Amino acid sequence: MITSDSQYVRYGYGLDNTNDRSVMNAKTIRSSSKGFFRFLPGILWFLVAFYPVYYMFIVSISDKQNFSSGNFWLPPTNPTLSNFLQVIQGNIGLYFLNSIIVTIACVFLIVCLALPAAFAIVKINNIFVKNLFKLFLFGLAIPVQAAIIPIYVMMISVGAYDTLYALIPPQVAFWMPLSILILVNFIRDIPNELYDSMVLDGAGHFRILVKLVLPLSKPAIVAVVLYTGIQVWNNFLFPLVLTQSKDVRTLPFALQKFQGQYGIDIPGLMAAVLLASIPMILLYIIARRQLLGGLTAGFSK
Amino acid sequence: MPEQNVLSKSSRWTVSGLTLPALGFYALFALFPMFLAVAMSFMAWHALSSPSWIGLQNWKHFFSDPIAINAIYLSLKVMVLSWLIQTPLSLLLGVYVAGYQKYRAVFSVFYFLPLLFSAVAIGLIWIQILSISGPVNTIITGIFGSDGRISWLGDPTLALYAIVIVIAWQFIPFHILLYQAGTRQIPTSLYEAATLDGASNFRKFVHITLPQLKHTFITSSILILTGSLVYFDVIYVMTGGGPGISTRILPLDMYLRAFKMAQIGYGSVLAVILSIIGVVLSVLLLTLSGFTRMQSQAEGT
């Protein structure tokens, strides 16, 4: 009974540390017949999750004739980069630049404002700061849509409508609560002895913030940078509502406009989608663990 | 409170001041607009005219507006359907990729790919996949013959379901991440004890894994429900609310009213209703699940 169970455990629920090879010897025949079923759920979701990405890729390297013949499964026999060249010759460089400017500005502001705020929230216990933290947490429940119409009116009245400036402050505001939450949870774990010893050395709180909290919170800051960076990079609603001219378009909004512009040129459209996604794909290849950690940092302990 | 001793009273107030820049952005661009939306919901305000106070007129109009009522119904439908599809799949797949086997690690690299794409990119890819001559219809005609082609996004009864599936594709990977992290935190000793007692794999899943994932389940459910209430991007890109009003969910109805029909005042009514539903839902879910109480207990230890 126990032996057959221990064999179950190995494809069980997340607790298997044993090497697959060690189990292979005795029950090779049983494992191989069961092997397929072991992989089956994994393969099914693999197909569902991966196929659309694969589809985008093979269509983007198909020439327009090959695509219209309806080949959706295998890579084209004569792949072409002409679709990419066509997209690059358009304005996509400008849209990239706009997205980069907005993303860097938002992430920079969020980190510079959220880190000192989180430090104060952890270290200070007065009524003002305590209630302030609750006020920030309330922000997690405010949908962007609740504020988008007034923000639009505000941006028009200060003359920022249809500029890149309009896109920055609202996004800083809306990603602030989660950023502060992530940082507070992390800074709380810095041992008090470290602060005490710095105070004994005569350090002021700004020095403590820069020399102690900043370096020690690096993993949390990385999480905030990645999370807010992805949100801002992919944001569609703010550019849709707050901009209209071509020269201030960011990538997601530009992609949506391509849809009409490219018409039935699906390979061209898919090439544009792929190009716009390349920074995220590169980030995933380089720093997958940090990226995935950053995405869930505010939601799991 | 040892950490209090290291800071003098005056410097405590200086440190409290570190929260002000973050608070400024948050108050000006998130909290203030939200209250402004409430005020604007009592105004008649069309594109170029100046606003005028009209009391409850917009609100009265809302209760006799079949499109808005339908939008709320559709939003609730998207919420419920999204929860029903995303929760079981994310739970099972999350537990599946929590295993440390090599092949599961390889699978999970592909499982998380949808997280890299903006909602606009996802919408554009799926329009093609679901199109009349696209891959999904190619499979269907392969099985049922050429009469089987379905216009997924052009059929008023099917479009919403197609959208819900695309949203699931976009968000399931995120919830897989949550469940994976949750499963990996379950102490292995629990499983070891159960194995010694001769518990079957299924029984371990039901009696250990599921109860231990309660927190993750609550977090994930709240995010799915509140997230799909404000869901906008994919629907805007894929159907724009159509055909007819069959996918015109509440956030989209609000956008179209305020920005396409230039009814700023009436759009604000819809924005306020959206935020009320959102905040009430968050509070209700948190209270029902006893989440806040448990969290504060955890903090107290």
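So, here is what we can say about the structure in this document. As a convention, each chain's residues are numbered from 1 in the sequence order in which they are written. Written order decides the labels, with chains lettered from A and ligands numbered from 1. Local features in this predicted model are restricted to residues of pLDDT 70 or higher, and side-chain atom pairs are both shown and tallied only at a pLDDT of 80 or more, whereas totals for entire chains, interfaces and linings draw on every residue. Excluded from the side-chain calculation are hydrogens and water; included are all heavy atoms of the structure.

Points about the overall build of chain B
Here a strand is any run of E in DSSP of at least two residues, a helix any run of H or I of at least four, and the numbering for each starts at the N terminus. Secondary structure summary: chain B contains 16 helices and 2 strands in total. To get the radius of gyration, use the C-alpha atoms; to get the globule rule, take the number of residues to the power 0.38 and multiply by 2.2 Å. In terms of C-alpha radius of gyration, chain B reaches 24 Å, well past the compact-globule figure of 19 Å for 301 residues. Dimensions of chain B along its principal axes, counting C-alpha atoms only, are 80 × 75 × 30 Å. Relative to its full complement of 301 residues, chain B shows a buried share of 55%. By the convention used here, residues are in contact when the closest approach between their heavy atoms is within 4.5 Å. Taking all contacts inside chain B whose residues are at least 6 apart in sequence as the whole, residues at least 24 apart take part in 65%. Counting every atom, chain B has about 13,000 Å² of accessible surface; 70% of that belongs to carbon and sulfur. Only protein chains enter the accessibility calculation, which uses a 1.4 Å probe; a residue whose area is less than 20% of its type maximum is buried, one above 50% is exposed, and one in between is partly exposed. Using the Shrake-Rupley algorithm and a 1.4 Å probe, accessible areas are obtained, with residue cover drawn only from the displayed protein chains.

Examining the interface of chain A and chain B
Facing the 104 residues of chain A at the interface are 107 residues of chain B. Salt bridge criterion: a side-chain nitrogen from Lys or Arg within 4 Å of a carboxyl oxygen from Asp or Glu. Here chain A and chain B share 0 salt bridges between them. Nitrogen and oxygen atoms within 3.5 Å of one another constitute a polar contact, given that in protein one can donate a hydrogen and the other can accept it, and given that sequence-neighbouring residues count only through two side-chain atoms. Summed over the shared surface of chain A and chain B, the number is 7 residue pairs in polar contact (both at pLDDT 80 or more). In the side of chain A that touches chain B, the residues fall into 78 nonpolar, 16 polar and 10 charged. Residues are grouped as follows: Ala, Val, Leu, Ile, Met, Phe, Trp, Tyr, Cys and Pro are nonpolar; Asp, Glu, Lys and Arg are charged; all remaining types, including Gly, are polar.

Let's talk about the pattern of salt bridges
A side chain with one charge can pair with a side chain of the opposite charge if their charged atoms come near. Applying the stated criterion to the full structure yields 3 salt bridges over all chains. One salt bridge in this structure joins A:Lys64 and A:Asp265, with 3.4 Å as the shortest N-O distance. Taken together, the positions of A:Lys64 in helix α4 (residues 64-68) and A:Asp265 in the loop between α14 (251-262) and α15 (266-286) put the pair 201 residues apart, joining distant regions of the chain. Residue B:Arg248 pairs with B:Asp253 through a salt bridge whose shortest N-O separation is 2.7 Å. Across this residue pair, the class does not change: B:Arg248 and B:Asp253 are buried.

Concerning the packing of aromatic side chains
Any pair of Phe, Tyr and Trp rings, taking the six-membered ring for Trp, is counted once the centres come within 6.5 Å. Such a pair is stacked with planes under 30 degrees apart, edge-to-face with planes over 60 apart, and tilted for the rest. Taken as a whole and judged by the stated rule, the model has 33 aromatic pairs over all chains. One aromatic cluster is present, formed by A:Phe46, A:Phe50, A:Tyr51, A:Tyr54, A:Tyr55, A:Phe72, A:Trp73, B:Tyr103, B:Phe107, B:Phe110 and B:Tyr111 through successive ring pairs. Whether a charge lies above a ring is judged from NZ of Lys or CZ of Arg, which has to be within 6 Å of the ring centre and within 35 degrees of the ring normal. A:Lys123 extends its terminal NZ or CZ atom over the ring of A:Tyr195, reaching a point 3.7 Å from the ring centre.

A closer look at the packing of helix α7 (residues 127-138) of chain A against helix α3 (residues 20-40) of chain B
Running from amino to carboxyl end, α7(A) crosses α3(B) at an angle of 45°, the nearest separation of the two axes being 11 Å. One way to sum up the angle between α7(A) and α3(B) is to call them oblique. The hand of the α7(A)/α3(B) crossing is left-handed. Residues A:Phe128, A:Leu132, A:Leu135, A:Phe136 and A:Phe138 of α7(A) form the contact with α3(B), whose participating residues are B:Leu20, B:Ala22, B:Leu23, B:Tyr26, B:Leu31 and B:Met34. For helices, the fitted axis covers only the stretch in contact; all axes are lines through C-alpha atoms, and the angles between them, taken along N-to-C directions, range from 0 to 180 degrees. An angle counts as roughly parallel when it lies under 35 degrees, as roughly antiparallel when it exceeds 145, as roughly perpendicular when it falls between 65 and 115, and as oblique in every other case. Note: crossing handedness is left-handed where the near helix turns anticlockwise from the far helix by less than a right angle, and right-handed where it turns clockwise.

A short note on the state of the cysteines
Here a disulfide denotes a covalent bond joining the sulfur atom of one cysteine to the sulfur atom of another. Residue and element names in this part refer to chain A. Note that a disulfide, as used here, is simply two cysteine sulfur atoms within 2.5 Å. Inspection of every chain in the model, using the stated rule, returns 0 disulfides over all chains. With no disulfide of its own, Cys 106 lies closest to Cys 112 among cysteine sulfurs, the gap being 12 Å. By relative accessible area, Cys 106 is classed as buried at 0%.

Thoughts on the side chain of B:Asn58
All names here are of chain B. Topologically, Asn 58 is positioned in helix α4 (residues 57-63). At a separation of 2.8 Å, a polar atom in the side chain of Asn 58 contacts the main-chain carbonyl oxygen of Met 43. Residues in contact with Asn 58, not counting those within four places in the same chain, are Met 40, Ser 41, Phe 42, Met 43, Gly 265, Tyr 266 and Val 269.

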